[in-house]
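Here is what each chain is made of, one letter per residue.
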Amino acid sequence: MTTPKSPQLAVLPTADENDRGSVAQILQPSGWPVPKGYANGMAAEGRIVVTGGVIGWDADERLADGFVVQVHQTLSNIAAILNEAGARPEHLVRLTWYVVDMDEYLANLKELGRVYRAIFGAHYPAMALVQVVRLVEKAARVEIEATAVIPR
């Protein structure tokens, strides 16, 4: 009896090795297709920064109408929280998205990509996307949790 070989794991740095600003590594098993817009896994060492579920309201707790507009504000809010800890978008290692309508998310992929890159650049951490029945704020269309690791 032979034991099946597990896939080899490629560890890809997310930044130039000389750049100590980000030491997160993308974990990409060899032979797996490279995902678009997210990473299969991330590895990092340092100070952990975790957000709660962040929604797309402004400083006055007003939610804009529209999915993409709420995503833009949600990602901006996450960037502001990261900034408070001294973290930058390239320190993100995980995002968990909760949406109330998966079809709404899928129908807006190109626009969401533009919004995401405008705020976080081309850094794509591990991500999960979950459809939920509703969020605490009834008018919210999306809620996102973020985890970042600031290098030591």
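Below: a short report on this structure. Because the structure is a prediction, the values reported are computed rather than measured.

Rules behind the numbers
- Residues numbered from 1 in each chain as written.
- Predicted model: local features only at pLDDT ≥ 70, side-chain atom pairs only at ≥ 80, totals over all residues.
- Heavy atoms only, no water.
- Axes fitted to C-alpha atoms, helices over the stretch in contact; angles between N-to-C directions.
- Helix = DSSP H or I, 4+ residues; strand = E, 2+ residues; numbered from the N terminus.
- Parallel < 35°, antiparallel > 145°, perpendicular 65-115°, else oblique.
- Left-handed = near helix turned anticlockwise from the far one by under 90°.
- Contact = heavy atoms within 4.5 Å.
- Nonpolar A, V, L, I, M, F, W, Y, C, P; charged D, E, K, R; others polar.
- Expected span 1.5 Å × (residues − 1).
- Buried < 20%, exposed > 50% of the residue type's maximum accessible area, 1.4 Å probe, protein only.
- Arc of directions from axis to C-beta.

Next up on the list: the packing of helix α1 (residues 67-84) against helix α3 (residues 109-120). Two numbers describe how α1 lies on α3: the axes approach to 10 Å, and their chain directions differ by 20 degrees. Between α1 and α3, the angle is such that the two are roughly parallel. Both α1 and α3 take part in a crossing whose hand is right-handed. Contacts from F67, V68, V71, H72, L75, S76, I78 and A79 of α1 reach α3 at E111, L112, V115, Y116, I119 and F120. Of the residues in the contact of α1 with α3, the class split is eleven nonpolar, two polar and one charged.

Turning our attention to α3. The end-to-end C-alpha distance of α3 is 16 Å, a good match for the 16 Å that twelve residues give at a rise of 1.5 Å each. When α3 is considered as a whole, its buried residues turn out to be L112, G113, V115, Y116, I119 and F120. Along the long axis of α3, the arc covered by the buried residues comes to 165 degrees, so they all point the same way. Exposed side of α3, more than 90 degrees from the buried face: K110 and A118 are the residues found there. Where the residues of α3 are buried, they touch α1, β6 (92-99), α2 (102-107) and β7 (126-131). Downstream of α3 by a residue or two, G121 has a phi angle that is positive, lying close to 70 degrees.

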